[in-house]
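# An overview of the molecular structure
One letter stands for each residue in the lines below.
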Amino acid sequence: MDSTSRPANGAKVYEMLWDCKFCGTRKLLGKTHRFCPNCGAQQDPTARYFPADNEKVAVQDHVYVGADRICSACNSLSSAKAEFCGNCGKPLSGAAQAQQGASRTGDEDEQFAESDKVYQKPKPSTAAAAPPKQGFGLKPLLILAVVIAVIGGGIFALTRSQTSSAYVTGFRWERSLNVERFQAVPGKTDCNAVPIGAYSVNQQYEQVGSRQVPDGETCERVQIDQGDGTFREEERCQTTYRSEPVYGYVCYYLFNTWVFARAEKLEGTKEQAPTWPSLGSSGSCFTLGCEREGSRNERYYLALRYGDRDFECPVEYALWEETGLERSFTVEVGSVLKDVRCGTLKPSG
Ligand SMILES: [Zn+2]
Ligand SMILES: [Zn+2]
């Protein structure tokens, strides 16, 4: 499902709530009640929380100027546009901002309950607080180093080899010929692109693909604390899509062409001179079922022995041709797996 976001629509602004920790009065309004109406205590911006849906208090014609500022001298809350603290008169430039941006999201028809406090007051650091762990990350690094060492060591061990000497015990050649047959091959294409020479063309109307069509939208409700005692509520929607088949004309046809049919293979030792497999009828034939020669492949092998072990290596024809029985070679053999590396085979002396 592909989806696109569109801008928030109809954001509304409501009061955050706070509880007075001095007299216990609950559900005071974040914007209206800068001081507790019961005991006069100053609002603590870190005590703000989102109300339940049935207790939301709208803020009419709210002009948002930014998160509140907190006076560094007396901790009083001021509007972001105030230049001086309303309580002690200290300039507010550089003053800390109340926290903002906390949010919660729910389905369109979900009922929100009252939230917990959305911010935690930073705890003053004390000697009793656990010191930051110094060695964090060291242990994983150590494990990683061990793993790398083990893998590296394994690769090193598997790559190590030693030079062994071997001698020739026999010869083998292999020659193969790919045989092609003239055949009717079925095809399917856009009707504008039927190849020349095609026949039995059959036009069909059928599904040729699919397209995504918009099919409603899914929405969610988001509340975002603005840091000035209010929060805004938005609806965020995404278009959903469904897949719809697309129909069109397609052409089916037959086309005569040469197709790989099989490989003919011959092999022998040095007693028989290498020869190519042959096709009885090599004339130029162009009816269905005719066969012709395709590509050719040839390989030449030396049979060798080192110690009590026999193996075979492919070599160039010239080397195969000039080499006699019992001629000595050197070859690298893996130290661990005892694998013969034919790429390193060299005549010795
Ligand atoms: Zn109070
Ligand atoms: Zn102040």
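The following paragraphs examine the structure supplied in this document. (Residues numbered from 1 in each chain as written. Chains lettered and ligands numbered in written order. Predicted model: local features only at pLDDT ≥ 70, side-chain atom pairs only at ≥ 80, totals over all residues. Heavy atoms only, no water.)

### Some thoughts on the overall build of the chain
- Helix and strand counts for the chain stand at 2 helices and 14 strands.
- Expressed as lengths along the three principal axes of its C-alpha atoms, the size of the chain is roughly 115 × 70 × 35 Å.
- Residues counted as buried form 30% of the 349 residues belonging to the chain.
- For the chain, the proportion of contacts with a sequence separation of at least 24, taken over those separated by at least 6, is 71%.
- Summed over all atoms, the accessible surface of the chain reaches about 22100 Å², with 53% contributed by carbon and sulfur. (Helix = DSSP H or I, 4+ residues; strand = E, 2+ residues; numbered from the N terminus. Buried < 20%, exposed > 50% of the residue type's maximum accessible area, 1.4 Å probe, protein only. Contact = heavy atoms within 4.5 Å. Areas by Shrake-Rupley, 256 points an atom, 1.4 Å probe, with all protein chains shown as cover.)

### Side note on the coordination of the zinc ion (ligand 1)
- Around the zinc ion (ligand 1), the protein contributes the donor atoms Cys20 (SG), Cys23 (SG), Cys36 (SG) and Cys39 (SG), at 2.3 Å from the metal centre.
- Its 4 donor atoms give the zinc ion (ligand 1) angles of 103 to 116 degrees at the centre, a pattern that matches the tetrahedral case.
- Read in sequence order, the donor residues coordinating the zinc ion (ligand 1) give the pattern C-x2-C-x12-C-x2-C. With Cys23 in the loop between strand E2 (17–18) and strand E3 (28–29) and Cys36 in the loop between E3 and strand E4 (69–70), the pair connects residues that are 13 residues apart, well separated along the chain.
- Classification of Cys23 by relative accessible area gives partly exposed; the value is 31%.
- Looking at Cys36, the relative accessible area reads 3%, which means it is buried. (Donors = N, O, S within 2.8 Å, 3.2 Å for Na, K, Ca; no water. Tetrahedral: all angles 85-135°; square planar, octahedral: opposite > 155°, others 65-115°.)

### Points about the coordination of the zinc ion (ligand 2)
- Every protein donor of the zinc ion (ligand 2) is accounted for by Cys71 (SG), Cys74 (SG), Cys85 (SG) and Cys88 (SG), and the metal-donor separations fall at 2.2 to 2.3 Å.
- If you list the donors of the zinc ion (ligand 2) from N- to C-terminus, the spacing comes out as C-x2-C-x10-C-x2-C.
- Judged by its relative accessible area of 1%, Cys71 is buried.
- For Cys74, a relative accessible area of 27% corresponds to the partly exposed category.

### Digging into the side chain of Ser164
- On the secondary structure map, Ser164 appears in strand E8 (residues 161–190).
- Apart from the residues lying within four places of it in its own chain, the contact partners of Ser164 are Tyr306, Phe329, Thr330, Val331 and Val333.

### What to know about the packing of aromatic side chains
- Within this structure, the stated rule accounts for 12 aromatic pairs.
- Their ring planes at 55 degrees and their centres at 5.1 Å tell us that Tyr300 and Trp320 sit as a pair that is tilted. Taken together, the residues Tyr300 in strand E11 (residues 291–306) and Trp320 in helix H2 (residues 317–322) connect sequence positions 20 residues apart. There is no split in this pair, since Tyr300 and Trp320 are both buried.
- Three or more aromatic residues joined by ring pairs make a cluster, and in this case those are Phe171, Tyr300, Tyr317 and Trp320.
- In this arrangement the basic side chain of Arg172 is found over the ring face of Tyr301, its NZ or CZ atom lying 4.4 Å from the centre. (Phe/Tyr/Trp six-rings, centres within 6.5 Å; stacked < 30°, edge-to-face > 60°. Lys NZ or Arg CZ within 6 Å of the ring centre and 35° of its normal.)

### Examining unusual backbone geometry
- Its identity is not glycine, yet Ser200 carries a phi of approximately 55 degrees, on the positive side.
- On the secondary structure map, Ser200 appears in strand E9 (residues 199–225).
- By relative accessible area, which is 51% here, Ser200 ends up exposed.
- Positive phi outside glycine occurs at Lys338, with the angle close to 55 degrees.
- Relative to the assigned elements, Lys338 resides in the loop between strand E13 (328–334) and strand E14 (340–347).

Functional significance is not addressed by these values, which are geometric in nature.
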